[in-house]
Every structure is written in C-alpha cells, then in structure tokens.
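Coordinates in review
Each chain is listed here by its residues.
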Amino acid sequence: MNESMDASSLPHFDSLIHSSSSSSSISSPSSPHLLQPRFPSSPLNSSTLNPNQPFVIGVSGGTASGKTTVCDMIIQQLHDHRVVLVNQDSFYRGLTPEELEHAHEYNFDHPDAFDTEQLLECMGKLISGQSVQLPIYDFKKHQRSTDSFRQVNASDVIILEGILVFHDQDVRDLMNMKIFVDTDADVRLARRIRRDTVERGRDINSVLEQYAKFVKPAFDDFILPSKKYADVIIPRGGDNHVAVDLIVQHIHTKLGQHDLCKIYPNVYVIQSTFQIRGMHTLIRDQDLSKHDFVFYSDRLIRLVVEHGLGHLPFTEKQVVTPTGSVYTGVDFCKKLCGVSIIRSGESMENALRACCKSIKIGKILIHRDGDNGKQLIYEKLPKDISERHVLLLDPVLATGNSANQAIELLVQKGVPESHIIFLNLISAPEGIHCVCKKFPSLKIVTSEIDHALNEEFRVIPGLGEFGDRYFGTDD
Ligand SMILES: Nc1ncnc2c1ncn2[C@@H]1O[C@H](COP(=O)(O)OP(=O)(O)O)[C@@H](O)[C@H]1O
Ligand SMILES: Nc1ccn([C@@H]2O[C@H](COP(=O)(O)O)[C@@H](O)[C@H]2O)c(=O)n1
Ligand SMILES: [Mg+2]
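The structure contained in this document is the topic of the report that follows.

What counts, and where the lines are drawn
Residue positions within a chain follow its written sequence, with the count starting from 1. Just so you know, chain letters begin at A and ligand numbers begin at 1, following the order they were written in. Restriction of local features to residues with pLDDT of at least 70 applies here, the model being predicted, together with a cutoff of 80 or more for giving and counting side-chain atom pairs; totals for whole chains, interfaces and linings are based on all residues. Excluded from the side-chain calculation are hydrogens and water; included are all heavy atoms of the structure. Consider each residue's heavy atoms; a residue with any of them within 4 Å of a molecule or strand counts as near. Polar contact criterion, stated in full: a pair of N or O atoms within 3.5 Å, where within protein one must be able to donate a hydrogen and the other to accept it, and residues adjacent in sequence count only if both atoms are side-chain atoms. With residues, only the protein chains shown are counted as cover, and all accessible areas are computed by Shrake-Rupley using a 1.4 Å probe. Only DSSP runs of H or I covering at least 4 residues are called helices, and only runs of E covering at least 2 are called strands; the numbering of each starts at the N terminus. Accessibility here uses a 1.4 Å probe with only protein chains present; expressed as a share of the type maximum, an area under 20% marks a residue as buried, one over 50% as exposed, and anything in between as partly exposed. Between two residues, a contact is recorded if the distance between any of their heavy atoms is within 4.5 Å. Take the buried residues of types Ala, Val, Leu, Ile, Met, Phe, Trp, Tyr and Cys, join any two whose side-chain atoms come within 4.5 Å, and each joined set is a nonpolar core. Should a side-chain nitrogen of Lys or Arg be within 4 Å of a carboxyl oxygen of Asp or Glu, the pair is scored as a salt bridge. When DSSP finds two or more bridges between two strands, those strands count as paired. Note on geometry: axes are lines fitted to C-alpha atoms, helical ones only across the stretch in contact, with angles between N-to-C directions running from 0 to 180 degrees. Relative orientations are named as follows: roughly parallel for angles under 35 degrees, roughly antiparallel for angles over 145 degrees, roughly perpendicular for angles from 65 to 115 degrees, and oblique for any other angle. Handedness of a helix crossing follows the sense of rotation of the near helix relative to the far helix, less than a right angle counterclockwise being left-handed and clockwise being right-handed. In this count, Pro and Cys sit with the nonpolar residues alongside Ala, Val, Leu, Ile, Met, Phe, Trp and Tyr, while Asp, Glu, Lys and Arg are called charged and the others, Gly among them, polar.

Bringing the site of ligand 2 into the picture now. Neighbouring residues of ligand 2: 17 residues in total, closest T63, D109, Y137, H142 and R192. For ligand 2, a nitrogen atom lies 2.7 Å from a polar atom in the side chain of Y137. Side-chain polar atom of R200 to an oxygen atom of ligand 2: 3.2 Å apart, as the coordinates give it. Isolated, ligand 2 exposes 470 Å² of accessible area, and the fraction of that covered by the protein chains is 98%. Mapped onto the shell around ligand 2, the elements with two or more residues apiece are α6 (185-198) and α7 (204-226).

Looking at ligand 1, the residues that line it are G62, A64, S65, G66, K67, T68, T69, E161, R191, R195 and D239. Separating an oxygen atom of ligand 1 from a backbone N or O atom of S65 is a distance of 3.1 Å. At a separation of 2.8 Å, an oxygen atom of ligand 1 approaches a polar side-chain atom of K67. For ligand 1, whose free accessible area comes to 550 Å², the fraction covered by protein is 70%. Looking at the shell around ligand 1, the elements that each hand over two or more residues are α2 (67-77) and α6. By residue number, the principal contributor to the shell around ligand 1 is α2, which donates three residues.

What follows covers the side chain of N240. Note that N240 resides in the loop between β7 (232-235) and α8 (241-256). Looking at N240, the relative accessible area reads 8%, which means it is buried. Here N240 is in contact with I234 and P235, once residues within four sequence places are set aside.

This paragraph deals with the nonpolar core. Counting 36 residues, the largest nonpolar core has V86, Y92, M123, L134, I158, L160 and M175 as its most contacted members. Sort the elements by how many residues they give to this core and helix α4 (residues 116-127) lands first, with six residues. Excluding residues within four positions of it along the chain, V86 makes contact with F91, M123, L126, L134, R150, I158, I159, L160 and E161. Y296, L300, L309 and L463 belong to the second largest nonpolar core, which has 35 residues in total.

On to the pattern of salt bridges, then. Considering all chains together, one arrives at 19 salt bridges under this definition. Between D220 and K216 there is a salt bridge, with the nearest N and O atoms lying 3.2 Å from each other. Separated by four residues within a single helix, D220 and K216 lie in helix α7, roughly one turn from each other. With its nearest N and O atoms 3.1 Å apart, the salt bridge here joins E448 to R284. Of the two residues, E448 is situated in strand β19 (residues 448-449) and R284 in helix α10 (residues 274-284); the sequence distance between them amounts to 164 residues. R284 matches E448 in its accessibility class, with the two residues each being buried. A single salt-bridge network, built from bridges that share partners, covers K335, D384, E387 and R388.

For sheets, the rule is that strands pair by backbone hydrogen bonds, running either parallel or antiparallel. Strand order in the open sheet formed by three strands is β15-β17-β19, with parallel pairing between adjacent strands. Looking at the sheet topology across the chains shown, the edges are occupied by β15 (396-397) and β19. Two strands pair when backbone bridges link them, and β15 and strand β17 (residues 426-427) are joined in this way by two bridges, in the parallel orientation. Across the sheet, residue V396 finds its bridge partner in β17, namely I426.

Within the secondary structure, R388 sits in the loop between β13 (375-380) and β14 (389-393). Exposure remark for R388: the relative accessible area of 10% places this residue in the buried category. Only 2.9 Å separates the side chain of R388 from the backbone oxygen of L336, close enough to count as a polar contact. Apart from the residues lying within four places of it in its own chain, the contact partners of R388 are K335, L336, C337, K360, P382, V415 and H419.

Our focus in this paragraph is the packing of α10 against helix α11 (residues 290-309). Relative orientation and spacing of two packed helices are given, respectively, by the angle between their axes and the distance between those axes. Here α10 crosses α11 at 140°, and the two axes come no closer than 9 Å. Considered as vectors, α10 and α11 are oriented oblique to each other. Our pair here, α10 against α11, has a crossing hand that is left-handed. Facing α10, whose interface residues are Q275, I276, M279, H280, L282 and I283, α11 presents F293, Y296, S297, R299, L300 and L303. Residues belonging to the contact of α10 with α11 are distributed by class as follows: eight nonpolar, three polar and one charged.

In short, the description is geometric, and any link to function would need to be established separately.
Below, the structure written as structure tokens:
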C-alpha cells in the first residue's frame, strides 16, 4: 500500500541520520509495519463508509509555494461551512538531543521526518467525527510543544496541507480532492529566505545551505513526482484567484450533494428544485390516483432521461442560421439504444422515444425469486449493441442485484462498462454501492437517493411497487 522509498532518494538522506538511525525516532523505510495498510477505513472504501464523512482536501506543493496562503483563502470563502486545517508540519518528529546538536545536517524534507502513522490516526478520528488534539511544532526549536496542543473538532471539510501529503498512498486515499500549488522555484526560494530569516530564526547562509542540500533534492525526488496525483494544479498559488474561486465552487457543489456522489464520481442526482420535490411528494403519496401517478412519474422520468442524454459524448457541429451567420454547436451521439428491465423499466421507454426519434429499445427480464434471487429469463437486444451507448432503464434501484445481472449481460454482449448509463427515478444507497462497486465506470443518473432498504428489501421511504402502481395492477 505504501510508497517504498526511491533508491535515488537515499543519497540525500544525511549521514547523521544514517549513522544514528537505530537510535533516532525516524523509522526505517523497510519497517514491517510500513508494509501494512494502516488506515483501512478510507473515505473511498465504501465497505466502511460513514455517510456523514467530511470532504477531505489535500494541498501539496514545494516549500513556500503558497500552500498555507491558498488554504487560508479557501477557508475564508467557505465561511458558511465548518472547515478545519491540518498541517503536516504538526507531525514533524521532534529531534533527539543528538540530532539537535547537528540540526543543520537533518533532512526535514524527507518523508521519514514526519510521523505519518500519527497523522493517519488523527485524520482517521477527524473523518469519523471525533475531535483530536494536534501537536504544535516549533520551527525554531525543531521540537513539539510538550504542554500544549491544538484542539480540532469534527467538521464538514478537512484540509490537509503539507509538502509531502501526496507521498504516502494511505494518506492520499483519505482525500476527496487533491490540489498541487505550483510556483516557480526561484520565487519559492526568495520567499523561503524571507520567511525563514524573519519567522523561523534562521540566518541567510543556513537557509541557502539547507535549500541546496535537502530542500531542492527532496523536491525533485518526492514532491514533484507526487504532482501526478493532483486533481487540480494551481499555478502561481494565492495570486491565482480564478483557480481558488473554481475550487471553492466545486467544494460547495460537493457539499450540497448526497454523500454517495462524493464517493462515487459517476453517480449523478439531478439538481433538486421545488417542482421536482413536489412531483416526488405526489408519487410517493399512497393515496395518489393511478392517473396522477402515471402523469407525475412520466414528468420525472422525462427529466431523468434528458439528464442522462446529457452524459452522452458529442461532436462539434457548425450550422448556418437564417441570418447567414455560423452557429457552432454540437451533434448528438447517434449510436445509442435503450434497454428496459421488464416490467417497471418499460414505463421509461416512452420518454426515451420522445427524446430520441426511432431509438432501438431492447429488453431484459430478470426474475427475482429464482435459486439465487436473480435469474435471467428473457433478453432481446439490438444485434450491434456492443457498438452503442446504452441507456439502461429501471425506475427503482433497490438491492442492485437485478441491475447487476442486467449490466453483466450487457458487458458480456461487448458493451463497454463506460458506455452504459443507468437511469433511475429513485435509488437506494445499498443498490448504488452494489452497482458502483462492481461497475465503477458505469454512470448512474437518478432523481433522488432514498434513505435505505427495509428488511424486506423495499426502498424506504420509496413509493411501493412502481410497476403495479404505473400499470394499474395494484388492486
Ligand atoms: N502570492 C504571494 N505573493 C507574495 N508573497 C506570498 C504569496 N503567497 C505566499 N506568500 C508569502 O510566501 C511565504 C510562504 O507562503 P506560504 O503560503 O506559507 O507557503 P507554504 O505554506 O507553501 O510554505 C509566506 O511568507 C507568505 O506570506
Ligand atoms: N524544524 C524544521 C522543520 C521543517 N523545516 C522546513 O519546513 C519546510 C516545510 O514547510 P513549508 O511551510 O515551507 O511547506 C520544509 O521544506 C523543511 O525544510 C525546517 O526548516 N525546520
Ligand atoms: Mg505552510
């Protein structure tokens, strides 16, 4: 699980640390515990998912690139959320008396300078909603405070910032979003000289010597190679207001989303409006007439289908308008088809036909009461289905067992997983986990994610048997 140390990094590890490594608190890169997964309940590990997990952002970059500045800007703009900042610096190991005597020979830029085990433990607690006391590190004394801590409480957003927060895979796996602050080396060195002489009690010669001996080589060996893990790279750090605004917008969107959308990037819940909530309120009402149930279900289905079509690939197309001007637009994806899971899925066919003229629609029947609870009974699919994008139709996703059976069939027929868009009106979290774990590249588009399944595997609050209510066979 963990990054092993690059052989190329070893020469930069100072002789003092080599010679005293057995007595120093710095662990050997080959310590057996480092080979074990140390924090199994990462937010992306859905089997141990806590539905109220905070959004975790990692911010890395070279020294003095502006990481702390960017984090402060993000925190300021997220003022309507509870946000905490965790600095990797807090987890610097304090130097032993022997190391302190030769502090200028110590490599503070090597991954082993940090207590990553402790960082993982603290992050694990914060992610699971507990408060933690973070160590306070003194850059002048190269020591942690022995009598004071920084109390950090559970939050909606946790920002973990530091030069090497992308180095260790277990730490990376905690993050929902990774930002790399990319600032020119000469700018960084100039800032570092100013900061370290003004704030960290160093003289200019020691800053330059440390930079050449440790900071720059470690940047090349550890920090720069970790840039590839970033989702977003911010050139010019805190000067880049556009990038920071976009990041804050994205975080706002993610915080407003269902937790499952944060975990599974291919799950899309259509943006809720009072119209949509109103229609859901009606179709969930057990006293709604059959006629109205069909009417409002059809309206919602149409919205889901339109939204699903928006996820198909497109090509650029130019047309000439009656004014003689050129309009640059897009051309719809032509190679597509629908597949309905009988019987409820058939209720979605009209909406698909209304949006896509003469679209081919295949059918799959899965019987739920067979030996293993899911048996394929019937299938009729377009012969060239492997060349098409497939809109798979089922208004209610419950356990995900029949959906997986249907998707397996499509994949067997040669449809790439990423060419399948599964459309639902209502999805249960259990069904989403079941489908997304098995088919992570498939997209799910739904109008609402419900609370859970009950002991009879019915979606709660749900709307009862969709097929019976839609086709009038419920009395
Ligand atoms: N855009 C900027 N323009 C000028 N100075 C900056 C800018 N961003 C950061 N600094 C200064 O550079 C130093 C390092 O910035 P900081 O955000 O602490 O970087 P990091 O956390 O990456 O080490 C600080 O003294 C800070 O005030
Ligand atoms: N006792 C220490 C500990 C760390 N450093 C340097 O700090 C840098 C990391 O902090 P940034 O805010 O710049 O990201 C790192 O490059 C270490 O060299 C130190 O000088 N003394
Ligand atoms: Mg900093």
